[in-house]
Amino acid sequence: MSIQKKLAAAAGLAGLAISAAAFGHPESSLNLPVGVTPISQQAHYLHMLTLWVCVGIAVVVFGAMIYSMVKFRKSQGAVPDTSIVHSTKAEIIWTIIPVIILVALAVPATKGLVIIEDTRNSGLTVKATGYQWKWQYEYLSQNDGKTETPISGVSYYSALEENSNFTRQLGSGLDPNKVENYLLDVDHPLVIPSGVKVRLLLTGNDVIHAWWVPQLGMKRDAIPGFVNEMWIQVDEGKEGTYRGQCVELCGRDHGFMPIVVVVKTKQDFAAWLAAQQPAAATATAATTASL
Amino acid sequence: MAHAEAHAHDGHDHDHNHAPAGIGRWLFATNHKDIGTMYLVFALIMFFIGGAMAMVIRLELFKPGLQFVDPGFFNSMTTMHALVMIFGGVMPAWTGLANWMIPLQVGAPDMALPRMNNYSFWILPFAFTLLLLSFFLPGGAPAGGWTLYPPLVLQAGDSFGLTIFAIHMMGISSIMGAINVVVTIMNMRAPGMHLLKMPLFCWTWLITAYLLIATMPVLAGAVTMLLTDHYFGTAFFNPAGGGDPVMFQHIFWFFGHPEVYILILPAFGIVSEVIPTFSRKPLFGYESMVYATGSIAFLSFIVWAHHMFTVGMPLAGQLFFMLSTMLIAVPTGVKVFNWTTTMWRGSISYEPPMLFALAFLFLFTIGGFSGLMLAIAPVDFQYHDTYFVVAHFHYVLVPGAVFAIMAGVYYWLPKWTGHMYDLKLATWHFWLSTISVNVLFFPMHFLGLAGMPRRIPDYNVQFADWNMVASIGGFAFGLSQVMFVWIVLKSVRGGGPKASARVWDDTNSEGLEWTVPSPAPFHTFETPPVIK
């Protein structure tokens, strides 16, 4: 018994150390973010639902195990009842109950999947191309619900920001804690409007990459030779900067091609987009003047 | 007739307990016990090599910033850690246990194809020498992940050919080992040993062997196509030549998902023997255990694309793979409930094999829960390729498969060596392993949910705390395994009290292996035993 007591004490100490360590970085989190899009909120809901279902099952099953382990100890004089070897009734019950639980989970999951795959009626289409090791964003078209307007000349690369890039070198001697948004900042972020369904087309130029921003709730592979699609719609009022990373191993610097999305209001986005396309803007202005 | 033959052999029985001497005993071994021992020793060495790689990974991830290794080398570490642990550690450990125990459990004198048994073992050291040599070639060891996804894997340096060749050799070895298990079980059971009387370890291994025979050729095909894409200009997976990189993933996971069950089904078998023994009660629902194993094996062939929800499949495809994956929870649940009911109204004692089997029961179930969560496709888009997945598969592989291997070794070690090992030390090994394995892998759930991708050598400071905790757990887990080697060596070298034939005297240990003396003689069951 003394071994167990010593180990329990050691485990307690380790637990204390862990909780002390966890307070070190206030931004460290334990759970999936709720996020700022309908898809991310739906994912969070399904995540919590499944988690609680699992916790419920765990309480029952682990409870029965722990009860047996304590109650039926040989050291406490337990006598085995060797007649318990089979029960068709029990087998049927514990086959049917899991099936019912699974169906209950499958219904909302299926609904969720249908919503995710519906990329129709988007207001803005942007193409993201994965390179070793950066992203390229190309604004393709806008749609106001009636007409599709092509966007020309807005295309740029988005790579790891310089401070992080210096600090992350092997033996740089620089402290990552002193770099703001270490490894999660880029030189030119993707800019999108809030309240608009943004369709993101994804492809890879060299190897497979994957595009993911946890707060936006969706991840999809960028595969050479394929064009994948996904959609994001950030709730209005949730404008801000959201950060993610490439999530498909893509070679040496896989860990160093972050994704940053700046979400602006529709007006701010329109202004930003206009500023990005000086040539096109000038041309439009000239046409208007000549009329 | 059979009786007369058995009688004729009795004349020189005394010779049969003399194993051949010298290195030849091992090089030319055809005895299932010797080959089993070699497999187990090989697996143990590989566990330490793969473990050393894991230590490098945890060292680099101890805190943010790159302190020790180049990101390319880090990728080699994650890739090789997986290949060595899966193909060099867990699979050979299972084959070793199968070699030792299946003939003893079905009452056969040896494996059915002893010479092939020798080849299938001796291929492995060469395969892994080639694989590990790739570290010393220009471009270093493979770094594209153990899943070998093209086009990335085709960027490998000179190591590429060696890697593919090594994988082919491992596959051939596995197929031969599997054929041997099938033939032994199908043809060499003692009279009266009906299939539904076999111990569950034989059953789960039989089904595992079919999975191996069905899927290893698929892996061989996939890597051969990679080989010709790389060296001979074919374009199976190159979109520029009309190929399809996603097709590789489909082929790979058609192998890869059954492979997951190849790693875990024999564990179900061991736990199904250890829990009844130390609960002093027969296994509850024996037949439903067999059917559940068969169902899991069948389902494992139709769920592969749940590893690739993010590649952009049509909605119908995603739904199919999501729903079929969720179904696996049903037969797996049946198993867990049967194990629990086996303990119900038993008389339970806590020897090291039972401790490891119980830890398996709890921790594998936790891995099962995260597996169910991952099956829900709309949330998998958040979990996919994060540390949540790393936590999930390490829970099913380490406190799952590896703990079951430990349980099996602690269960049968006295039968092999004739000496009881140090039970107190083994109990220490258990507690240290179980606590540290949770400190190591549980925080990875948090890391993944918070957004840390897998296979990265450096991370934002928001992930620093839990990575440090996981690393501490990792070092502790690694060190605890040194104890295991010490405990086993002590027993092999004859330390500890002599074990009786039944070994666990005062339990419900059933099975033919307990009818032969401890240590099991070099030749056993030359005359088939009588099954009541």
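Conventions used here
Residues numbered from 1 in each chain as written. Chains lettered and ligands numbered in written order. Predicted model: local features only at pLDDT ≥ 70, side-chain atom pairs only at ≥ 80, totals over all residues. Helix = DSSP H or I, 4+ residues; strand = E, 2+ residues; numbered from the N terminus. Buried ≥ 20, exposed ≤ 12 C-beta atoms within 10 Å, placed from the backbone. Contact = placed C-beta atoms within 7 Å. Pairing = 2+ DSSP bridges. Axes fitted to C-alpha atoms, helices over the stretch in contact; angles between N-to-C directions. Core = buried A, V, L, I, M, F, W, Y, C linked by C-beta atoms within 7 Å. Domains from an automatic or database assignment. Nonpolar A, V, L, I, M, F, W, Y, C, P; charged D, E, K, R; others polar. pLDDT = per-residue confidence, 0-100. Expected span 1.5 Å × (residues − 1). Parallel < 35°, antiparallel > 145°, perpendicular 65-115°, else oblique. Left-handed = near helix turned anticlockwise from the far one by under 90°.

So, about the overall build of chain B. When you go through chain B residue by residue, the secondary structure sums to 16 helices and zero strands. With the principal axes as the frame, chain B shows a C-alpha extent of 70 × 50 × 45 Å. Expressed as a percentage of the 532 residues in chain B, the buried residues total 62%. Taking the intrachain contacts of chain B between residues at least 6 apart in sequence as the baseline, contacts between residues at least 24 apart amount to 83%.

What follows covers the overall build of chain A. In terms of helices and strands, chain A carries six helices and eleven strands. Within chain A, buried positions represent 37% of all 291 residues. A separation threshold of at least 6 residues defines the contact pool for chain A, and within that pool the share at least 24 residues apart is 66%.

Attention now goes to the sheet that holds strand β7 (residues 209-213) of chain A. Residues and elements named next belong to chain A. If you trace the five strands from one edge of the open sheet to the other, you get β5-β11-β10-β7-β8, paired in mixed fashion. Here the strands that pair on one side only, and so sit at the sheet edges, are β5 (190-193) and β8 (218-222). Strand-to-strand twist across the sheet, computed as the mean angle between neighbouring axes with direction ignored, equals 25°. Pairing geometry for β7 and β8, over five bridges, is antiparallel. Residue V213 lies in a different strand from β8, and its bridge partner there is M218. Lying over the sheet, helix α5 (residues 266-276) contacts β5 and β11 (258-264), oriented at roughly 135° with respect to β5.

Now for the nonpolar core. Membership of the largest hydrophobic core comes to 246 residues, with the highest contact counts inside it found for B:V271, B:F356, B:A357, B:F360 and B:A407. Per-element accounting of this core gives the leading share, 22 residues, to helix α14 (residues 387-417) of chain B. Both domains that meet at this core, namely domain 1 (31-71 + 91-118) and domain 2 (124-277) of chain A, each give it at least three residues. Dropping the residues within four chain positions of it, B:F360 is found in contact with B:A267, B:V271, B:P399, B:G400, B:F403, B:A404 and B:A407.

Right, let's get into unusual backbone geometry. A cis amide bond links A:Q132 with the next residue in sequence, A:W133, at an omega value of 0°. Mapped onto the secondary structure, A:W133 falls in the loop between β1 (124-131) and β2 (134-143). With omega at -5°, the peptide bond leading from B:S518 into B:P519 counts as cis. In this structure, B:P519 sits in the segment after α16 (464-492). The backbone of B:L148 shows a phi angle near 55°, a positive value even though the residue is not glycine. Examined against the element boundaries, B:L148 turns out to sit in the loop between α5 (114-133) and α6 (159-187). For B:L148, a count of 24 C-beta atoms within 10 Å translates into the label buried.

Looking now at the interface of chain A and chain B. Tallying the contact residues gives 90 residues for chain A and 86 residues for chain B. When contributions to the side of chain A that touches chain B are tallied by element, the ones reaching two or more residues are α1 (2-22), α2 (38-71), α3 (88-117), β8 and β10 (240-246) of chain A. The biggest single contributor to the side of chain A that touches chain B is α3(A), with 15 residues. Considering only residue class, the side of chain A that touches chain B consists of 51 nonpolar, 25 polar and 14 charged.

Attention now moves to the environment of B:Y291. Relative to the helices and strands, B:Y291 resides in helix α9 (residues 286-299). On a C-alpha basis, the gap between B:Y291 and B:P331 in space is 8.3 Å, while along the polypeptide they are 40 residues apart.

Residues and elements named next belong to chain A. Domain annotation of chain A identifies domain 1 (31-71 + 91-118) and domain 2 (124-277). On the domain 2 side, the residues contacting the nine residues of domain 1 number ten residues. The element contributing the most residues to the side of domain 1 that touches domain 2 is α2, with four residues.

To continue, consider the confidence of the model for chain B. Residue and element names in this part refer to chain B. Residue-level pLDDT values for chain B average 94, and 97% of them are 70 or greater. Contacts of residues 1-15 to residues separated by more than four positions or lying in other chains number two contacts, the stretch itself having pLDDT below 50. For this predicted complex, the interface confidence reaches an ipTM of 0.91, while the overall pTM sits at 0.92.

Spanning 29 residues, α16(B) covers 43 Å between terminal C-alpha atoms, matching the ideal 42 Å at 1.5 Å per step. Where α16(B) terminates, the next one or two residues include B:G494, which has phi positive at roughly 90°.

Attention now moves to the packing of helix α4 (residues 71-106) of chain B against α6(B). All names here are of chain B. One can describe the packing of α4 onto α6 by two numbers: an axis separation of 11 Å at closest approach and a directional angle of 20°. With respect to α6, the axis of α4 lies roughly parallel. Two packed elements cross with a definite hand, and for α4 against α6 that hand is left-handed. On the side of α4, the interface is formed by F87, M91, T95, A98, I102, P103 and V106, while α6 contributes M170, S174, G177, V181, T184 and I185.

A separate point is α2(A). The first and last C-alpha atoms of α2(A) sit 48 Å apart over 34 residues, in line with the 50 Å expected at 1.5 Å per residue. Considered for burial, the residues of α2(A) that qualify are A:I39, A:S40, A:Q42, A:A43, A:L46, A:H47, A:T50, A:I57 and A:S68. Residues of α2(A) that are buried in the fold lie against α3 and β8 of chain A together with α11 (329-343), α12 (352-375) and α13 (377-383) of chain B.

What follows concerns the pairing of β10(A). On any regular strand, side chains alternate: one points to one face of the sheet, the next to the other face. All names here are of chain A. Burial analysis of β10 places five of its seven residues in the buried class, which makes it a mostly covered element. Where β7 and β10 come together, two bridges link them in antiparallel fashion. Paired with W211 across the two strands is C246, which belongs to β10.

The topology assignment puts A:E161 in the loop between β4 (155-158) and α4 (162-167). C-beta crowding within 10 Å serves as the criterion here: with 21 such atoms nearby, A:E161 is assigned to the buried category.

Take the packing of α3(A) against α11(B) next. At a minimum axis distance of 9 Å, the contact between α3(A) and α11(B) shows a crossing angle of 140°. One way to sum up the angle between α3(A) and α11(B) is to call them oblique. Seen along the crossing, α3(A) lies across α11(B) with a hand that is right-handed. Contacts between α3(A) and α11(B) involve A:E91, A:W94, A:T95, A:P98, A:V99 and A:L102 from the former and B:A329, B:V330, B:G333, B:V334 and B:F337 from the latter.

Inspection of the secondary structure assignment puts B:W428 in helix α15 (residues 423-450). When the C-alpha positions of B:W428 and B:P352 are compared, they lie 9.2 Å apart, and in sequence the two are 76 residues distant.

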